[in-house]
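# Overview (structure and organization)
Listed below are the residues making up each chain.
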Amino acid sequence: MVRQKIVHCGKGTRTYYREVDIIVGKSIPRQRGKKRKRSLPKQERLNFKNSVRHLHQLFKGNFTGYDYRVDLTYDDCWLPDSLEAGRRYVDSYIRKVNSMRKKKGLASAKWIAVDEGFDGSGRPHHHLIISGGLDRDTMERLWYTGRGKNAVSLGMTKTERLRFDNNGIEGLVKYITKQALKDYQDRGTEGQLSLADIEGTEVAAEEIVSQSTGSRRRWRQSKNLIQPHEKINDHAYSRKEILKLVMQPADCEDTKKFFEGRYQGYALDTCRCEYNPVTGTWGIYLTMHRKQEKDTGRHRKKEEVEAA
């Protein structure tokens, strides 16, 4: 059996970004049963990698070059004494943003917030990926506490447009998840399972908890994000086709032509082949973006962005 799983990042099946997992296996995996024991280290690692991957997919499916990255910091007198206090400031900021958006006839913002420095590793601050629509001066001015004449700035802010390439904003995702990754590296967790070994895994990025450190989840998200969705086909490829492909370099021109011919209208960005010694199976993992004429933002037209 060769299982193909296409993950669509956004609405519909003609999304700008898609990922494709192709796994050679012996049989269709059974439905996962109820969890009874703490995960083994290799399973913890896989869950973590799946969570980070899910976060990548959320970014790709919900944000464009018209949206913002906002860095929120604190002056010394406003440094929060706990993660909960810091998150209350961020929640208040998002409410102010949404109130301003409502006045301008805009829908509530989509957002993903990442908290850093609250574990003693540095100075507390937040990274926020949030919908565009308001000007940058307004976005920065709303980082305050108090009301009326008593309103005071909490600290310095920096707002900039998101910068996309064919792989989305992977550099930014890696940056804002670096501390969570460091936790796993410090623990020295063993196990090299591929991201696609568990079919039907639905690990929400907002619910990641580092079992190795006991720390709380490092990012949160708004409820209005478009979740990635998948389509599975167990008859799209033959074992002979896949075994031939994994024997040649993943970055060779023949591989690129093969997959771009198979997935019409999409350009191949990355191709990774992995052998899993635990399951004894080969896997091919693709990231792709939809071909289209040059435009702005995330290579998508403004009308298409607003429709999404």
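To start, this report covers the structure provided alongside it. Computed from a predicted structure; not experimentally measured. Think of each chain on its own: its residues are numbered from 1, step by step along the sequence as written. Only residues with pLDDT of at least 70 get local features here, since the model is predicted, and only at 80 or more are side-chain atom pairs given and counted; chain-wide, interface and lining totals rely on the full set of residues. Just so you know, side-chain values use all the structure's heavy atoms and leave hydrogens and water out.

## Remarks on helix α6 (residues 239-246)
Keep this limit in mind: When a residue's accessible area, from a 1.4 Å probe over protein chains only, is under 20% of the maximum for its type it is buried; when over 50% it is exposed; and in between it is partly exposed. Numbered from the N terminus, helices here are DSSP runs of H or I no shorter than four residues, and strands are runs of E no shorter than two. The arc in question is formed by the directions pointing from the helix axis toward the C-beta atoms. Throughout, a contact is declared for two residues whenever any of their heavy atoms are within 4.5 Å.
Where α6 is concerned, the buried positions are I242, L245 and V246. Buried residues of α6, viewed axially, fall in a sector of 95 degrees; they line one side. In this structure, α6 carries K240 and K244 as exposed residues pointing more than 90 degrees from its buried face. Of the surrounding secondary structure, the elements contacted by the buried residues of α6 are β1 (2-9), β2 (17-24), α7 (253-262), β11 (266-276) and β12 (281-290).

## Description of the sheet that holds strand β5 (residues 125-130)
Cut-off, in case you're wondering: Two strands are said to pair when DSSP picks up at least two bridges between them. Between the N-to-C directions of two axes lies an angle of 0 to 180 degrees, each axis being a line fitted to C-alpha atoms and, for a helix, fitted only over the stretch in contact.
What the 5 strands build is an open sheet, ordered β8-β3-β5-β4-β9; its pairing is antiparallel. In the strand order of this sheet, the two ends are held by β8 (157-161) and β9 (219-221), each with one partner. Each neighbouring strand pair of the sheet contributes to a mean axis angle of 15 degrees, computed without reference to strand direction. Bridge analysis of strand β3 (residues 68-72) against β5 gives 5 bridges, and the strand direction is antiparallel. Bridging from a neighbouring strand, V70 pairs with L128 of β5. Its contacts with the sheet put helix α2 (residues 83-103) on β3, β4 (111-116), β5 and β9, and the angle it makes with β5 is roughly 30 degrees.

## Quick notes on the sheet that holds β11
Across a sheet, paired strands are connected by hydrogen bonds in the backbone, their directions being either parallel or antiparallel. The antiparallel open sheet is built from 5 strands, whose spatial order is β10-β1-β2-β12-β11. This sheet does not close on itself; its edge strands, each paired only once, are β10 (229-233) and β11. This sheet shows a mean twist of 15 degrees between the axes of neighbouring strands, independent of strand direction. Here β1 pairs with β10 via 5 bridges, running antiparallel. Among the inter-strand pairings, Q4 is bridged to a residue of β10, identified as N233.

## Examining the packing of aromatic side chains
What describes a pair of aromatic rings is the distance from one ring centre to the other and the angle between the planes of the rings. So the rule is basically this: In summary, the pairing rule links any two rings of Phe, Tyr or Trp, Trp by its six-membered ring, whose centres are within 6.5 Å, and it sorts them by plane angle into stacked for under 30 degrees, edge-to-face for over 60 and tilted for everything else.
Per the stated rule, a full pass over the model turns up 8 aromatic pairs. Arranged with centres 5.8 Å apart and planes meeting at 55 degrees, the rings of Y74 and Y89 form a pair that is tilted. Here Y74, found in the loop between β3 and α2, pairs with Y89, found in helix α2; they are 15 residues apart in sequence, far enough to count as distant. Note on Y74: relative accessible area 3%, which makes it buried.

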